[in-house]
Structures are given as C-alpha cells and as structure tokens.
Amino acid sequence: MDALLLLLELMGIFAFAVSGSLLAARKKFDLVGSLLLASLAGLGGGVTRDVMISQGLPVALANPLLLLPVLLAVVLVATRLLHENRLRRTMLAFDAMGLSLFCLTGTVVAFEAGLNPVACALLGLTTAVGGGTLRDVVANEIPQIVVPRGIYALPAMLGAGLTVLFLELGVFNVWFGIGISSLVFTVRMLSLRFGWRIPLSGKQPQAE
Amino acid sequence: MDALLLLLELMGIFAFAVSGSLLAARKKFDLVGSLLLASLAGLGGGVTRDVMISQGLPVALANPLLLLPVLLAVVLVATRLLHENRLRRTMLAFDAMGLSLFCLTGTVVAFEAGLNPVACALLGLTTAVGGGTLRDVVANEIPQIVVPRGIYALPAMLGAGLTVLFLELGVFNVWFGIGISSLVFTVRMLSLRFGWRIPLSGKQPQAE
Amino acid sequence: MDALLLLLELMGIFAFAVSGSLLAARKKFDLVGSLLLASLAGLGGGVTRDVMISQGLPVALANPLLLLPVLLAVVLVATRLLHENRLRRTMLAFDAMGLSLFCLTGTVVAFEAGLNPVACALLGLTTAVGGGTLRDVVANEIPQIVVPRGIYALPAMLGAGLTVLFLELGVFNVWFGIGISSLVFTVRMLSLRFGWRIPLSGKQPQAE
C-alpha cells in the first residue's frame, strides 16, 4: 500500500511539474524559472500540507526521490519533447490526473497523522490545488482555481470527501482508491469537454 | 476567558471572510473562488501564526467550528444578503472589527505559547494583516496593507503592542481587551473618515 | 563560529531588507509597505527555511536582534540616505552579498538540524532566494528569480551545493565559508557585468 501511495504521488508530482514547466515556457522564463514553477506546482501542495500537519520535515525534503519527477518534467519541456501546442489536451489530462491523485494521497497522509475528518478532507484539497495556486501566484497569474476552465476544485473536494468517508468507515482499500481517483479524473475531464460552470459568487456591482 | 476568546475569533473570521467573498464577487470569481478568498482572508492570518509558533495543528484545522463563519460569509454574499454597493461602509466597519479583534487574539495566543514580547506583538500583527494579504496576493491584487485607505497596519501594531504590554505586566483582563479592541477599531475608522495617511517610504527617483 | 554565522546573517538580512525598502519607494508604498517588503525580503527566506525544518520558532522570532537590520534599512531608505539612483550599483552589490551569505548560512542551519544533503542544499537555496520571491509576489511583481538580470539562482545553487559538500566531507570551516561566499558573490557580479543568460525553458508556441 505504501509503495502504491508513493507511486501515485510520483505520478501526481510529474503531472503538475509538467504544467509548471509549460507555464514557464509560455511566459518565456529561463530554466531556473522552469525549475521553480515545476517545483512549486509538483511539490508545493504536499509541502503546504506537511507544514500544516507539523510532524517534522516535509516529505519532499525527507525523500529526495520526489525531486526526480520535477527534474524529468523540466528536461522534457526544455528539450521540447513535451510541447504546449501538440500536447495541450494531453496536458490537461495529466493535470487532471495530478488532481485526482493528490486529493487522494493528501487525504490519506492527513488521516495517517491522526487528524479529524474535516481537517483530512481540507488537507487533501489543499494538496490537490495548493501546488497549482503557488505556481500561478509566483508567475503573477490569477490562479487556475479561481478562474478555471470547466470545474476544478469541486471534483477534488468530492475525491477528498469520499476518501475520508471510506477511511473513517474503515473500508478504504486500493480498489476504493482507484475508484475515487477515476471518478475525480472523469468528472474533471467531462467538465472540460462540456464546459461545465459553477455559479458566480454574487452579482457584481454596476460600478466600482 | 477562553470562550470569550473563541467568540472574538469567530467574529473576526466572519468579518474577514466577508471581505474575501466580496472581493471574489467583484472580480467575477465563481463560488469556489469565493470560498478560497473567504478562507484565506478569514483563516490565513491565524494559520500563518500557528505554523510559525509550530505547536501542532493550526487551530483552524484542529477545530472545524472555525470554518462555519467562512461558509456563512460565502452564502451571504452569494445570495446577495451582503452586497458591496449597499454595504460598503458596513463592510469597512466589519473589516476594522476583524483587524481590531485579531491583533488582540493573535497576540494572546502567542503569549500563551510562551513567546518573547517582540515575537508576540509580531505574531499578533501577522494574524491581523496576514489573511487580507494572502487574499489579495491570490486574487492578484496589490495587498491593502501596502496601499491602504486611511491607515491600516498601524492601529493593528498599536493594539498588538498594548496587548503584549499589559500581558507582560500581568494586568491584562477582559476589560483591557475590550478597551484595546475598541481603541484599534476607533483609530481605524477615524483614519477612514478623515483620510489619514502615513508618509511614503522614500522619495521616488525621477526616472526608472 | 556561531557568532560569525550570526554576523553573516545580520549582514544578509540588511542587504535584502534594503532591496525591499527600495522597491517600496519605487512603487510609492508608504512606510508600512516599506517595513513589510523589507521584512519579507530580509527575513522571509529564513522563516520559510525554519518553518520547513519544523524545529520550533523561526529564528527571526526567537531572536529579536534579527529585526534591527530591517528597521535600519527602512530608516535609511526613508531618509534617503540610501537612494536608488545614486546607489543602484551599490545595491546590486548588496543584494549579491545577501545571496552569497544566505546560501551559505541557510545550508549550515539545515545541516546542523541533521537533514540529508539534498534537503540541506535545497533549504540553503530557499533561504537565499525565498525572501526576494516573497517581496516580489506581495508587491505584485514577477519575481526576480524568474526574470533576473544576469544569473541569480544558479550561483546560489552552486554555493549551497559546495557548502553541503564540504560539510559532508567534514572539512568545512570559516575559510571554506569565506571562499564559497566570495565565489558566489563574484559569479553573480560578473553575470551582471557581462549580461550572462541561461537558456529559456522551452521554445514558446507561436500563438496562445
């Protein structure tokens, strides 16, 4: 189970790191900027979670293995093996995969730290959307989470909520995990395909 | 005393959360964006304080009760029960109330964690202005703290400083607390009414 | 050795704090904005490092002495004793000094906390570039680290890497420290003088 969790985490890091490097390429940042955005996107959510759980070193620092997917993403984008134009749809799929994996792994990590269910779900959500938010804030963009294509945070909330529910019920296992991740991934991809929207947060005033 | 502190904290969270949801409405963010900005504004200052004090889980995660004012604020703004145009002055009063409450509660929390007086005052200030700063940074705005209407951080510094002074002297009690918060609130509101300004940080160069 | 480390840290804080106050002056922020940007620039990197190491209070809070260079920087800029136009080149030298000192001190602090070599180097780099990044993000600028003049993060990586190498080999001492800092400083200044660049992170697509 722990090996599986690590594998899912590595896949999620890679997917988000690619999104960071592609953003750096689009904004004409250099290789250091690419490395920074890839690190923030791939590792920032987990580091934020670990800092809040406050149980020693963030796993991204404790286990240097987690840095490899970031380096790989930077190299693939720098050598144009991954390229925005050709692979936009593939990228959105990768990003959705990261989202669906991190809302699961983040929640499990918080649960194993003994947190209450609400905190577990919130930290799962933070893990899923935190990296992308840091990436966008540092790149001086409005974060994807507040102006998403399709729906973004909602599927991650769903995934984190279901994960903590099954964990609390004591029935969570690999198959539930795969099912939840697949569901989150599917909802996210369908929302992109059909342009689903959630309502605005309030009618805006006529003039400022 | 602890129940009173919790009550003040809940009121402060609500006031700042409303400011976050109103900003989301103004920027035409959706409900998730509203929830994000309300959470950052209402809880971000306290979470930053708790992460720095480094004594276990941030209180916003340990006690899910603190999430309720955030949800309430999002609902009130989404249903237009709270609306920017009608309630701008009310809102600035709410925000001033949040500021006056958090500079007090943040300082007390740090003091109870056994920190030195300077650290207590700094964490009180961080609690008071941190949430609004996170809200503005994520919304890609220049934070209110650096381009305020009236004076903003200064009354919070005053409140945090007085709180730690009376705590160190061993004379702090509920009445001192109410007095300090009222003073901070009054100074903040007067500065809005009369457009008080503090000097610029240095004459700017003629050309860049 | 510890007194020396503290001295180097104070010098680094001062250099970065000046950069923060000068940015505040350039953006016409008031004195509170100047204090905020100076604090973020001078102390933000170290606080981020300490929060990640997760061993109690960040040193900037535990030891109020570290706040003095920040106050000094704000006063010097507010009184125009330090001024952008006259002192631009001096400032870049100060900033380079901060970078060369923090990549060293940050790495040593992480090493003394018992972290693995990769984490030590990463935290040294974070200490060196974190403060400036927070300064720029809060001021709503694209961080210098992603659009630097000359090369910026690369010399800091070099310095952090060499520091952890010599620490691991057990041969690190004051002279190695001075040598590494001088090397980082020299590389940074030469890169400014000769406009060194590192490659972009990937060819950008023709149209967005």
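Residues numbered from 1 in each chain as written. Chains lettered and ligands numbered in written order. Predicted model: local features only at pLDDT ≥ 70, side-chain atom pairs only at ≥ 80, totals over all residues. Heavy atoms only, no water.

A. Spotlight on the overall build of chain A. For chain A, the helix and strand inventory stands at eight helices and zero strands. Ordered by position in the sequence, the α and β elements of chain A form the string α-α-α-α-α-α-α-α. Projecting the C-alpha coordinates of chain A onto the three principal axes gives extents of approximately 50 × 50 × 30 Å. For chain A, the residues scored as buried account for 57% of the 208 residues in total. For chain A, restricting intrachain contacts to residue pairs at least 6 apart in sequence, the fraction spanning at least 24 positions comes to 77%. Element-wise, carbon and sulfur atoms account for 68% of the exposed surface of chain A, whose accessible area totals about 8,500 Å². Averaging the positions of the 14 positive and the 11 negative side-chain charges in chain A gives two centres separated by 15 Å. (Helix = DSSP H or I, 4+ residues; strand = E, 2+ residues; numbered from the N terminus. Buried < 20%, exposed > 50% of the residue type's maximum accessible area, 1.4 Å probe, protein only. Contact = heavy atoms within 4.5 Å. Areas by Shrake-Rupley, 256 points an atom, 1.4 Å probe, with all protein chains shown as cover. Lys, Arg positive; Asp, Glu negative; His and termini not counted. Charge placed at Lys NZ, Arg CZ, Asp CG, Glu CD.)

B. Summary view of the interface of chain B and chain A. In this assembly, 35 residues from chain B lie in contact with 33 residues from chain A. Together chain B and chain A conceal approximately 2,700 Å² of surface at their shared face, both sides included; 69% is due to carbon and sulfur atoms. Here chain B is connected to chain A by zero salt bridges. Linking chain B to chain A there are one residue pair in polar contact (both at pLDDT 80 or more). Counting residues per element, the ones that place at least two in the side of chain B that touches chain A are helix H1 (2-26), helix H2 (31-53), helix H3 (59-62), helix H4 (68-78), helix H5 (84-112) and helix H6 (117-138) of chain B. By residue number, the principal contributor to the side of chain B that touches chain A is H2 of chain B, which donates eight residues. Looking at the side of chain B that touches chain A residue by residue, the class counts come to 20 nonpolar, eight polar and seven charged. (Buried area = accessible area lost by both parts, 1.4 Å probe. Salt bridge = Lys/Arg side-chain N within 4 Å of Asp/Glu carboxyl O. Polar contact = N/O pair within 3.5 Å; in protein donor to acceptor, adjacent residues only side chain to side chain. Nonpolar A, V, L, I, M, F, W, Y, C, P; charged D, E, K, R; others polar.)

C. Geometry of the interface of chain A and chain C. Between chain A and chain C, the residue contacts involve 34 residues of the former and 33 residues of the latter. Both sides of the chain A and chain C interface together cover about 2,700 Å² of buried area, and 69% of this is carbon and sulfur. Among the residues chain A hides against chain C, the three largest losses belong to Asp30, Val32 and Leu61 of chain A. Together they make up 21% of the total. On the surface where chain A and chain C come into contact, there are zero salt bridges. Along the contact surface separating chain A from chain C lie one residue pair in polar contact (both at pLDDT 80 or more). Sorting elements by how many residues they give to the side of chain A that touches chain C places helix H2 (residues 31-53) of chain A first, with eight residues.

D. Just the side chain of serine 181 of chain B, in detail. All names here are of chain B. One can find serine 181 in helix H8 (residues 174-194). For serine 181, a relative accessible area of 9% puts it in the buried group. A distance of 2.9 Å separates the side chain of serine 181 from the backbone oxygen of serine 100, its partner in a polar contact. Those residues in contact with serine 181 that sit more than four places away from it in its chain are Ser100, Leu101 and Leu104.

E. Summary view of the UniProt feature "domain: Glycine transporter" (unreviewed entry) in chain A. Residue and element names in this part refer to chain A. With numbering matched to this structure, UniProt assigns "domain: Glycine transporter" (unreviewed entry) to residues 7-78 and 93-166. Helix makes up 81% of residues 7-78 and strand makes up 0%, while its end C-alpha atoms are separated by 24 Å. Within residues 93-166, the helical portion is 76% and the strand portion 0%, while the C-alpha atoms at the span's ends are 26 Å from each other. (UniProt positions renumbered as here; feature names shortened; annotations may be inferred.)

F. View of the relation of the copies chain A and chain C. By a simple turn and slide, chain A fits onto chain C: the slide is 0.0 Å along the axis, the RMSD is 0.0 Å, and the turn is 120°. A rotation of that kind, with that shift, is consistent with a three-fold axis. The overlap is low: 12% of the interface residues of chain A also sit at the interface in chain C, so different surfaces are used on the two sides. (Least-squares fit on C-alpha atoms with pLDDT ≥ 70 in both.)

G. Representation of the packing of helix H2 (residues 31-53) of chain C against helix H4 (residues 68-78) of chain C in the model. Residues and elements named next belong to chain C. Between H2 and H4, the least distance of the axes is 9 Å, while the angle of their chain directions is 135°. As judged from the angle between their axes, H2 and H4 are oblique. The handedness of the crossing between H2 and H4 is right-handed. Facing H2, whose interface residues are Leu31, Ser34, Leu35, Ala38, Ser39 and Leu43, H4 presents Val70, Leu71, Val74 and Ala78. Broken down by class, the residue content of the contact of H2 with H4 amounts to eight nonpolar, two polar and no charged. (Axes fitted to C-alpha atoms, helices over the stretch in contact; angles between N-to-C directions. Parallel < 35°, antiparallel > 145°, perpendicular 65-115°, else oblique. Left-handed = near helix turned anticlockwise from the far one by under 90°.)

H. Representation of the nonpolar core in the model. Membership of the largest hydrophobic core comes to 195 residues, with the highest contact counts inside it found for Leu37 and Leu115 of chain A, Leu37 of chain B together with Leu37 of chain C. Broken down by element, the residue count for this core peaks at twelve residues, all from H1 of chain B. (Core = buried A, V, L, I, M, F, W, Y, C linked by side-chain atoms within 4.5 Å.)

I. Quick peek at the UniProt feature "transmembrane region" (unreviewed entry) in chain A. The UniProt record marks residues 6-24, 31-48, 60-79, 91-109 and 172-190 of chain A with the feature "transmembrane region" (unreviewed entry), using the residue numbering of this structure. In this annotation, residues 6-24 of chain A is assigned 100% helix and 0% strand; the end-to-end C-alpha distance for the span is 27 Å.

J. Broad picture of the pattern of salt bridges. Per the stated rule, a full pass over the model turns up twelve salt bridges over all chains. Its salt-bridge partner being arginine 49 of chain A, residue glutamate 9 of chain A comes within 3.8 Å of it at the nearest N-O pair. Taken together, the residues span a long stretch of sequence, with glutamate 9 of chain A in helix H1 (residues 2-26) and arginine 49 of chain A in helix H2 at a distance of 40 residues. In this structure glutamate 9 of chain A comes out as buried when scored by relative accessible area, which is 9%. Notably, a salt bridge pairs arginine 49 of chain C with aspartate 50 of chain C, separated by 2.9 Å at the nearest N-O pair. A single burial state applies to arginine 49 of chain C and to aspartate 50 of chain C, both of which are buried. Sharing partners across several salt bridges, the network here consists of Glu9, Arg49 and Asp50 of chain A.

K. Spotlight on the packing of aromatic side chains. All names here are of chain A. Applying the stated criterion to the full structure yields six aromatic pairs over all chains. An angle of 40° between the planes, with centres 5.4 Å apart, marks the rings of phenylalanine 16 and phenylalanine 102 as tilted. A residue pair is termed long-range when its members are at least 10 positions apart, and phenylalanine 16 in helix H1 and phenylalanine 102 in helix H5 (residues 84-112) qualify at 86 residues. The ring of phenylalanine 194 carries the charged tip of arginine 193 above its face, separated from the ring centre by 5.2 Å. (Phe/Tyr/Trp six-rings, centres within 6.5 Å; stacked < 30°, edge-to-face > 60°. Lys NZ or Arg CZ within 6 Å of the ring centre and 35° of its normal.)

L. Inspection of unusual backbone geometry at higher detail. Non-glycine residue asparagine 140 of chain A carries a positive phi angle of around 65°. Within the secondary structure layout, asparagine 140 of chain A lies in the loop between helix H6 (117-138) and helix H7 (153-169).

M. Highlighting the relation of the copies chain B and chain A. After a rotation of 120° and a shift along the axis of 0.0 Å, chain B superposes on chain A with an RMSD of 0.0 Å. In this assembly, only 11% of the residues forming the interface of chain B have copies in chain A that are likewise at the interface, indicating a heterologous arrangement.

N. Examining a nonpolar patch on the surface more closely. Residue and element names in this part refer to chain C. Where nonpolar side chains cluster on the molecular surface, the patch consists of Leu4, Leu7, Met11, Val174, Trp175 and Ile178 and spans about 560 Å² of accessible area. Breaking the nonpolar patch down by element, the ones donating at least two residues are helix H1 (2-26) and helix H8 (174-194). Assignment of secondary structure puts tryptophan 175 in helix H8. In this structure tryptophan 175 comes out as exposed when scored by relative accessible area, which is 67%. (Patch = residues over 30% accessible without salt bridge, like charges linked within 9 Å, V, L, I, M, F, W, Y side chains within 5 Å.)

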